[in-house]
Protein chains: 4
Amino acid sequence: MIEVFSVGGYEAVGRNCTAVAYGNEVVIFDLGFNMERVVALGDEENVNIQQMPVSELRQMDAIPDDSMLRDRRKDVVAIVSNHGHLDHIGAIPKLAGNYNCPIVATPYTIELIDNLSRDSKPRLKNQLLVMNPGETIDISKNLSLEFVHTTHSIPHTVFSVLHTPDGAVMYANDYKLDNFPQLGEKPDYKRLRQLGREGIHALIIETVRIEQEKKTPSESVARALLEDVLIGREHESALFVTTFASHIERVNSILEVAREMGRKPVMLGRSMHRYSTLAEKLGIIKFPDNLEIYGRGKTISSFLEKAKKNMGKYLFLCTGHQGEPGSTLTRLANGDFPYIINPGDEFVFSSSVIPSPINQDNHYRLSSKLKNQGGRIFSDVHTSGHASKEDHRDLLMMLRPEHVVPCHGGLRKLAAYAELCSEMNMLNEYTNHEYFLGQNVHLLHNGQVQEIE
Amino acid sequence: MIEVFSVGGYEAVGRNCTAVAYGNEVVIFDLGFNMERVVALGDEENVNIQQMPVSELRQMDAIPDDSMLRDRRKDVVAIVSNHGHLDHIGAIPKLAGNYNCPIVATPYTIELIDNLSRDSKPRLKNQLLVMNPGETIDISKNLSLEFVHTTHSIPHTVFSVLHTPDGAVMYANDYKLDNFPQLGEKPDYKRLRQLGREGIHALIIETVRIEQEKKTPSESVARALLEDVLIGREHESALFVTTFASHIERVNSILEVAREMGRKPVMLGRSMHRYSTLAEKLGIIKFPDNLEIYGRGKTISSFLEKAKKNMGKYLFLCTGHQGEPGSTLTRLANGDFPYIINPGDEFVFSSSVIPSPINQDNHYRLSSKLKNQGGRIFSDVHTSGHASKEDHRDLLMMLRPEHVVPCHGGLRKLAAYAELCSEMNMLNEYTNHEYFLGQNVHLLHNGQVQEIE
Amino acid sequence: MIEVFSVGGYEAVGRNCTAVAYGNEVVIFDLGFNMERVVALGDEENVNIQQMPVSELRQMDAIPDDSMLRDRRKDVVAIVSNHGHLDHIGAIPKLAGNYNCPIVATPYTIELIDNLSRDSKPRLKNQLLVMNPGETIDISKNLSLEFVHTTHSIPHTVFSVLHTPDGAVMYANDYKLDNFPQLGEKPDYKRLRQLGREGIHALIIETVRIEQEKKTPSESVARALLEDVLIGREHESALFVTTFASHIERVNSILEVAREMGRKPVMLGRSMHRYSTLAEKLGIIKFPDNLEIYGRGKTISSFLEKAKKNMGKYLFLCTGHQGEPGSTLTRLANGDFPYIINPGDEFVFSSSVIPSPINQDNHYRLSSKLKNQGGRIFSDVHTSGHASKEDHRDLLMMLRPEHVVPCHGGLRKLAAYAELCSEMNMLNEYTNHEYFLGQNVHLLHNGQVQEIE
Amino acid sequence: MIEVFSVGGYEAVGRNCTAVAYGNEVVIFDLGFNMERVVALGDEENVNIQQMPVSELRQMDAIPDDSMLRDRRKDVVAIVSNHGHLDHIGAIPKLAGNYNCPIVATPYTIELIDNLSRDSKPRLKNQLLVMNPGETIDISKNLSLEFVHTTHSIPHTVFSVLHTPDGAVMYANDYKLDNFPQLGEKPDYKRLRQLGREGIHALIIETVRIEQEKKTPSESVARALLEDVLIGREHESALFVTTFASHIERVNSILEVAREMGRKPVMLGRSMHRYSTLAEKLGIIKFPDNLEIYGRGKTISSFLEKAKKNMGKYLFLCTGHQGEPGSTLTRLANGDFPYIINPGDEFVFSSSVIPSPINQDNHYRLSSKLKNQGGRIFSDVHTSGHASKEDHRDLLMMLRPEHVVPCHGGLRKLAAYAELCSEMNMLNEYTNHEYFLGQNVHLLHNGQVQEIE
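Values in this document were obtained by computation on a predicted structure and should not be read as measured data.

**Notes on the relation of the copies chain B and chain C**
Two chain copies here: they are related by a rotation about an axis and a translation along the same axis.
Moving on, step 1. Mapping chain B onto chain C calls for a rotation angle of 180° and an axial translation of 0.0 Å; the resulting RMSD is 0.0 Å. Taken together, the rotation and translation describe the operation of a two-fold axis. Taking the C-alpha atom as reference, chain B places Val221(B) closest to the rotation axis, 3.0 Å from it.
Moving on, step 2. When the interface residues of chain B are mapped onto chain C, 100% of them are again interface residues, pointing to one common binding face.

**Here's the deal with the interface of chain B and chain C**
Moving on, step 1. The interface is formed by 39 residues belonging to chain B together with 39 residues belonging to chain C.
Moving on, step 2. Summed over both partners, the interface of chain B with chain C comes to about 3,100 Å²; 54% of that surface belongs to carbon and sulfur atoms.
Moving on, step 3. Three residues, Asp228(B), Arg376(B) and Met426(B), lead the burial of chain B against chain C; their summed loss comes to 19% of the area buried on that side.
Moving on, step 4. Linking chain B with chain C are 10 salt bridges, by the criterion used here.
Moving on, step 5. The partner of Glu213(C) in a salt bridge is Lys371(B), and the shortest N-O contact between them spans 2.8 Å.
Moving on, step 6. For the interface between chain B and chain C, the tally reads 13 residue pairs in polar contact (both at pLDDT 80 or more).
Moving on, step 7. Contributing elements (two or more residues each) for the side of chain B that touches chain C: helix H7 (219-230), helix H12 (357-372), strand S17 (376-378) and helix H13 (389-399) of chain B.

**Regarding the packing of helix H7 (residues 219-230) of chain A against helix H7 (residues 219-230) of chain D**
Moving on, step 1. Look at H7(A) against H7(D): their axes get within 9 Å of each other, and the N-to-C directions meet at 175°. With respect to H7(D), the element H7(A) is oriented roughly antiparallel. Contact with H7(A), carried on its side by Ser220(A), Val221(A), Ala224(A) and Leu225(A), involves Ser220(D), Val221(D), Ala224(D) and Leu225(D) of H7(D) and no other residues of that element.
Moving on, step 2. For the contact of H7(A) with H7(D), the per-class residue count stands at six nonpolar, two polar and no charged.

**Some thoughts on the sheet that holds S17(B)**
The strands making up a sheet associate through backbone hydrogen bonding, with each pair oriented either parallel or antiparallel.
Residues and elements named next belong to chain B.
Moving on, step 1. With respect to topology, six strands assemble into an open sheet ordered S14-S13-S15-S12-S16-S17, the strand pairing being parallel. With partners counted over all chains shown, the strands left at the sheet margins are strand S14 (292-294) and S17, one partner each. The mean angle between the axes of side-by-side strands here comes to 20°, regardless of whether they run parallel or antiparallel.
Moving on, step 2. Direction of pairing for strand S12 (residues 239-242) relative to strand S16 (residues 346-349): parallel, over a ladder of four bridges. The residue of S16 that forms the bridge with Phe-240 is Phe-347.
Moving on, step 3. Its contacts with the sheet place helix H8 (residues 248-261) against S12, strand S13 (264-268) and strand S15 (314-318), and it is angled at close to 170° to S15.

**Observations concerning the pairing of strand S8 (residues 144-149) of chain D**
All names here are of chain D.
Moving on, step 1. In terms of burial, S8 is largely enclosed, as five of its six residues are buried.
Moving on, step 2. In this structure, strand S7 (residues 136-138) lies alongside S8, joined through three bridges in antiparallel fashion. Within S8, the residue paired with Thr-136 across the bridge is Glu-146.
Moving on, step 3. Two elements, S8 and strand S9 (residues 158-164), share six bridges in a ladder whose sense is antiparallel. Counterpart to Leu-145 in the pairing with S9 is Leu-162.

**With respect to the interface of chain C and chain A**
Moving on, step 1. Taken together, the contacts link 16 residues of chain C with 16 residues of chain A.
Moving on, step 2. At the boundary of chain C and chain A, one finds four salt bridges.
Moving on, step 3. In this structure, the salt-bridge partner of Arg412(A) is Glu419(C), at a minimum N-O distance of 3.1 Å.
Moving on, step 4. The biggest single contributor to the side of chain C that touches chain A is helix H14 (residues 411-424) of chain C, with seven residues.

**What about the packing of helix H6 (residues 189-198) of chain C against helix H13 (residues 389-399) of chain C?**
Residues and elements named next belong to chain C.
Moving on, step 1. Closest axis-to-axis distance for the H6/H13 pair is 7 Å, and the angle between their directions is 55°. Regarding the angle of H6 to H13, the classification is oblique. The residues of H13 that touch H6, namely those facing Tyr-189, Leu-192, Arg-193 and Gly-196, are Leu-395, Met-398 and Leu-399.

**Points about the environment of Gly23(A)**
Residue and element names in this part refer to chain A.
Moving on, step 1. Its location among the elements puts Gly-23 in the loop between strand S2 (17-22) and strand S3 (25-29).
Moving on, step 2. Sequence separation between Gly-23 and Asn-142 is 119 residues, and the spatial gap between their C-alpha atoms is 9.1 Å.
Moving on, step 3. Discounting residues that sit within four places of it in the chain, Gly-23 has contacts with Met-1 and Arg-72.

**Let's talk about the confidence of the model for chain A**
Moving on, step 1. Here chain A shows a mean pLDDT of 95. Residues at 70 or above account for 99%.
Moving on, step 2. Reported for the predicted complex are a pTM of 0.95 and an ipTM of 0.96.

**Here we look at the side chain of Asn252(A)**
Residues and elements named next belong to chain A.
Moving on, step 1. Tracing the sequence through the fold places Asn-252 in helix H8 (residues 248-261).
Moving on, step 2. The buried category is assigned to Asn-252, whose relative accessible area is 7%.
Moving on, step 3. Among residues more than four places away in sequence, those in contact with Asn-252 are Gln-182, Leu-183, Ile-285 and Lys-286.

The rules we used
- Residues numbered from 1 in each chain as written.
- Chains lettered and ligands numbered in written order.
- Predicted model: local features only at pLDDT ≥ 70, side-chain atom pairs only at ≥ 80, totals over all residues.
- Heavy atoms only, no water.
- Least-squares fit on C-alpha atoms with pLDDT ≥ 70 in both.
- Contact = heavy atoms within 4.5 Å.
- Buried area = accessible area lost by both parts, 1.4 Å probe.
- Salt bridge = Lys/Arg side-chain N within 4 Å of Asp/Glu carboxyl O.
- Polar contact = N/O pair within 3.5 Å; in protein donor to acceptor, adjacent residues only side chain to side chain.
- Helix = DSSP H or I, 4+ residues; strand = E, 2+ residues; numbered from the N terminus.
- Axes fitted to C-alpha atoms, helices over the stretch in contact; angles between N-to-C directions.
- Parallel < 35°, antiparallel > 145°, perpendicular 65-115°, else oblique.
- Nonpolar A, V, L, I, M, F, W, Y, C, P; charged D, E, K, R; others polar.
- Pairing = 2+ DSSP bridges.
- Buried < 20%, exposed > 50% of the residue type's maximum accessible area, 1.4 Å probe, protein only.
- pLDDT = per-residue confidence, 0-100.

Structure, rendered in structure tokens:
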């Protein structure tokens, strides 16, 4: 019998954590952080998360409440993360020490975990175990772990498959099905179909964009949007492009567009520097020879001081897509750097505003400042990294899981996934299964244990 | 010939200022402040507005840019405000000194201006001239000023009518048509209809809720909503009610409801203290004998320390309806006071969230904190103080103005008012006028001069 | 052991049906109709529902698919409806014949069922059993049925309580908690609290407005809104008020307002005629002496022909609040009656648009026609008849049910109710219960059987 | 002096008509039809527009009210349309007969006008004058007309430039700036910039998507979206794609995608047949050899009867993107054709729902029917044909017009364009002009005359 523990991420997007037990062997998938809760509930914005006690972060729902696993601590044989976003790995420095087991992930994810844990006290003691997509390892007496390549908005994302004597449990959080990726391969459909034929006992699956009744557009569409705004139009003004620092595929597209435009690319901002150089180190991205990168405010200032007379020669790729206080764009708009925005300067947001009043406020303040100085804003030059409803339907038709546990969303998102399962009953010549709520489709709150026979 | 100067408030809600000239005699209506711009464009939230130079506030569109009146400074014979909200009087301390003329307003408005200017440097030198609704005074050789009583969400609100040799100009910013007010009288319809018959040459009119295709509900509806939530239900928990501190009519309703509930009313927060005590001083409101008021944090703490064992005996009326940082509710939610929120405590918002991402974020953070501690929230126990489309239509049918200048909104709101004027042409048996855009309906940006023959 | 059958109404608002079994005794609650499905899926609007076969209506999800009860037909001891709206009783003519048992309901509901079944073929054979709020009857060997008075938007609404040897099952679909009703009494809180103390084993509860984070305002607020628009303002034009024909309490308020205005009330439209005269027959409403009622188009025409020269003397209360084709207002707007709309005529919608593209389209077409002829529209002079989130919370604190089965909404509404249950765990000093999804909070699709031990 | 007559399309999207006069020579731009008004205001949907009198259509605002030109009829020297959408040419059969002058347009537009007028009685007598992009002709003593190539969602769209002794007047309604068109060339920027240098006296410009703060994506993005949904995914089910029949560029992309998929393309529906064959006749599109086209219901039925056993071999391109009653998709969903929808069949909407409650209702009914039969829906595989705010800004920077007259939208859209003009004052180093409302930015209602000196 398999047990699924809905430790975190079942009542809101963020701080993911699901544990799967087979007998007395337990695997933890993700130990994520929900920064938004700290900002919303904290007294001030400038909270020092490093120094906040675990108990306070738990009370805020900022990290998973793994106290439900207290009696099973010794049973935990591995902590696994499918990819390196903070809502999946961010609580590792705070919580992994509770478990005497390795952390298993793909190379880029392991680098990010290592990077994250460098500042943490006490230092992280868990072994960091690198595993590549396509590989399978035994992680305990009864369990083996397989990584299947998929696509998302960060490199080296996989589906994890936990093979147990009772069947395979797939953890699919997060993913998109991108058939025209601009860096790397499309998902390993061959293996996915094969797993479907072999039989997936249970599928634990993200639901972030389940409510969109469409297919999530490929990165090829984001590329076309970037070319449309940047290459298609004539412009001589200063040009600032911002995107998610961890979205290396997008960063690569922007660098390639800069080349086509004949503009010299310059990266600005700390997280832009960190995520990109780690990706280059692993050979995920190849930087153009003329790229310059400035992470800290001081070096950004020096560069802008020199560049400000020839701004039309550069494409600046910088942090600030959500209007974060402290980001490069926000500081530029505040006048903290030696470059004063000129009317007609262009600001391209290769991103969307993550829907929370906090981000919407930050974005509004940044936009107000940019416009007040004559800046032009190009929004939504972007496609999402999360599967929409029709992608989920495609995946269900491939995998034909016996049981489904939706995760990574508020209960209304989980319920929307259950509605999809119900709709799938019209397509059961494809899936071989009928889905019934409470029977083989399991909606869980945080902190429940679901037995799956 | 009459000239209308659209100094401020024609491109967004806030910082109102319109000047009306007849020959070389000029009257300024309102010198308002737009706090939202300072928050959005400022580097930090804790800006010291007192010390910000006028030039910077102008550049931010936080105060009216009255430089367009530079050549007419000596011509200004009066500064007039219809009521005492900050977006109408807030820039007086900064700008009134440019004009050597009295400030004319109703008693409560004058008190608020006086209060506001106490902290300003240099001290305000303009004469403060109190005038009551129903009165008319000569303010220059050719001009006389009349105040006509109306209703809004602050006491002593009037329509100003400037009688000129070329006809009457009415400044109607802001108002609602409340026929069941809970404190004071309904608008002076008799005089309004008489003015309509005598002839209104030009009407300058607010547009804040023109897009609502309805009548704005009376304060009698807000009263019914309050009774519904507070008296109708049984509850023994702590009870916090928040509303606009300047909304004395609502404050009075809440105090009366407290009496019906048998709970002792306690006011908490600085602006709650200031606006209410000024209103009581002028006899606008009569406080119940058992009312206690605590303005400063220290006294609030002392009181809560004593009260915390018997919270069910009190109704707390406090600041924080927009989730403002520093307000009583926010500080309570942050744990700054000696009372810890109990699960089941009730928080009644007799207000709506003013639609800006900044307020929405503040409100979201406050709500998150309250809910995270088990607080129950009752929202929208409120009716607006601004006329909706059908109120505006009623007023146009009474006043039948020859010319119309919509103000106090972005251009899209002004345009919606112009659409109403266009619709009025079907009702011209009531109005005697046909309205044509650019002919007798004038849409203005900030900083324009409109001649009206 | 108790079994709950989610026959219908668990995937959308409409066509309610829940069966509850104790051993081999089954009670069916509601056999509702979902007209919207017939309109959306039918080939034309003018479908003849009387002649549509049951199989087709089932395939359209227009009536409950009670085939899941096929093996239990002989076990059904009663069909019970809490109130007389069509989404609760509309399928009785089509389906009740499958069961050899009485239909039990309050007097007004029974009248409506009787009325409905008069046109059906074959004639309804089930016994119609009238039962009053406050009464309890034995309906089988082990089961007794109690009706507890509550409030909603139709007279004689109750909560049903099925007393079984394993405990009480309450069916609470639909209701609001109105503490200031304008006709009749407020809910029987004394009995509700007593039931809470005695113990409610399972609560089956509606979720239509669970997503509103507030208290649903009382009918006293609707009354204040009506007075505000109708009595507060001066107007001499023709005046048409429309509301839900079955909402007798609202109808009564409108008639009383007409009296205060000194206008003669005239009811127009077939359903207005039917619901009102049935209510008068039962003594629920007392008509004013001067009321005239015209149901059929011909008589409406005759009356308008006579009245059209003195329209200012009447208040017309008519059908058409959703812009339904064939309703009095739609026909008036189409020019089918001898009265031509005059610019300035007023149309008061004491209703809200039921959120479906079909209603929104109908309402838009009606509004367009009215405005195109100079009509003035006053919208949303209305409060809802469904409990909002804070009402649901109040009820849970009174009833403290062991198990909860949310119904009457799409899965996302049901999930929102489950979220409320989860929040209630912070208030467990009030409820004595902790709620866990899948454990004692049961989310069901249509067509499932939930065992409750 | 130039006069601009805002005949129609200044209060809503639809039924465009603007006249421009220089002395006693007048040119009419567009005589459009607004079908939506007929549907909203008509008694039934199945109105016969051919037989509706002009007076009734005018009263409904369905056609331009050109009675304001009555005294100038003899002065009209030409009727010009920039492109062939019905909201620009649809009223020509009804109104062009009032003017004894030629109709001037590009080849495809002329074909559509000719086609439209074939059914009208009395037959259209005006001369149809074909003119190509890049050409200029003298149309009267003082006036010459130039067509400048641009892009939109129908072939052969131009900007019209009317050269007068007082300067050039450009009519830019509708357009997008597509720099990666998939059929034909991008806009003639060289000539646009040259016109900007020569001087544009007045620009009359559409505002349909002015409220989108972005650049409208190119057709290359629509192509990428189509490939993503159609080529990227594996599927063997029946495949129906629907789009605007007049959008030949999109039709071409879909045909090319069909080829890449190895599916045989089949066009279904009357307007699909008409627009495509006219485009092929003019050499705008080259049909693939294996294309089959069926316009009438009977031939569609025959084909589906044959094809139904091998649906996986075809890509059906059909009408019905707005869920129009009578379209191929609606009839298919209604079961009017011999093919029964199979669960898993795919329906790709290469379109967006035009925002009106009427379309939203139609689309909802169609979607409900498709889903009820197991159909899968892929929405929004589409990019718009209308310029967004940043495109408009780019155009203003090229053209630097002295005067601006926004058109083709409700007053709020026109006002949003005026806001853009106001923002342009920060960019006046690019434009050489300052813009002031009422001075050189003219907001007009329908039926006004604006003099431009």
